[in-house]
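Here are the chains, one letter per residue:
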Amino acid sequence: MPTLTTASKGGRPRKSDVEAKSLYIIETASRLFAQQGFAATSVEQVVAACGVGKDTVYRRFPSKLALFEGVVEHARAQTLAHFQTTMASQTGDALTQLRAAARWLLATNVDPTLIAFKRIAFSEAIVVGQAVADRADDPIMDRLLSLIGEAQKAGALARGDARFLAGQLLNSIAMGPMIEAMLGGTTYASTRAQNAYFDKAWALFLGGAGA
């Protein structure tokens, strides 16, 4: 747990302390939202779990919706950072890297915490749907499109609309397991089960899109 009371000599909290406090609130709220859902989680519960004053939370997040938006944005940033780290370690041609990205997408789309947030977004659509709508920028999709384009130029994938192929890749690799997990299933909870499914789904994708 980070130290939440450190201040500079002049009495004003240092920027690093303010950021650490905000992160601690976000991480605590993330756990409660994932465990309980949006409706059952109150700002007062987050305050109590953090062990800070109510004003400390409300200064940063003036409402429960604002707090959930902060949770979603934090999850988005963490997911992107993990994707970038994963892809930075990949070598090989574009198709090999695309395969690694697709495998990452499968694992990410059945991650229990992200599944919990997606359930909230669907079940509370009237309340939070507009607030957490996808932004225009999508670095992960941009990377998929780039890899598909490179693979097409190399002759590893058939020519065609790269965005359409990216959509088909997402559908064949991740959508089924994600929906199953959102409905409470655990078929793809283990790495072994994910690997078995992915090998078949990747072969199916190549069968339709491969040159």
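Details of the structure are given in the entry above.
Quick caveat: nothing in here was measured; it's all calculated off a predicted structure. (Residues numbered from 1 in each chain as written. Predicted model: local features only at pLDDT ≥ 70, side-chain atom pairs only at ≥ 80, totals over all residues. Heavy atoms only, no water.)

Peer 1: Quick one: what's the story with the packing of aromatic side chains, residue by residue and with numbers?
Peer 2: For the structure on display, the rule yields 8 aromatic pairs. Pairing Phe38 with Phe68 gives two aromatic rings, centres 5.6 Å apart and planes at 75°, and the pair type is edge-to-face. Of this pair, Phe38 sits in the loop between helix 1 (15-36) and helix 2 (43-50) while Phe68 sits in helix 4 (residues 64-88), and the two are 30 residues apart along the sequence. The same class applies to Phe38 as to Phe68, namely buried. With centroids separated by 5.7 Å and ring planes inclined at 35°, the aromatic side chains of Trp202 and Phe205 adopt a geometry described as tilted. In this pair, Trp202 and Phe205 both sit in helix 10 (residues 191-209), 3 residues apart, roughly one turn of the helix. For Phe205, a relative accessible area of 5% puts it in the buried group. Among the aromatic residues, those joined into a cluster by ring pairs are Phe33, Phe38, Phe68 and Phe117. (Phe/Tyr/Trp six-rings, centres within 6.5 Å; stacked < 30°, edge-to-face > 60°. Helix = DSSP H or I, 4+ residues; strand = E, 2+ residues; numbered from the N terminus. Buried < 20%, exposed > 50% of the residue type's maximum accessible area, 1.4 Å probe, protein only.)

Peer 1: Quick rundown of the pattern of salt bridges? Include the residues and the values.
Peer 2: Overall, the coordinates contain 3 salt bridges when judged by the stated rule. Of the charged contacts, one joins Arg76 and Glu73 as a salt bridge, the two residues approaching to 3.4 Å between their closest N and O atoms. Remark: Glu73 and Arg76 occur in helix 4; sequence separation between them is 3 residues, near one turn of the helix. (Salt bridge = Lys/Arg side-chain N within 4 Å of Asp/Glu carboxyl O.)

Peer 1: Which residues make up the side chain of Ser172, and what values go with them?
Peer 2: Residue placement: Ser172 occurs in helix 9 (residues 162-182). For Ser172, a relative accessible area of 17% translates into the label buried. Look past the residues within four positions of Ser172 in its chain and what remains in contact with it is Tyr197, Ala201 and Phe205. (Contact = heavy atoms within 4.5 Å.)

The analysis is restricted to geometry; functional conclusions fall outside its scope.
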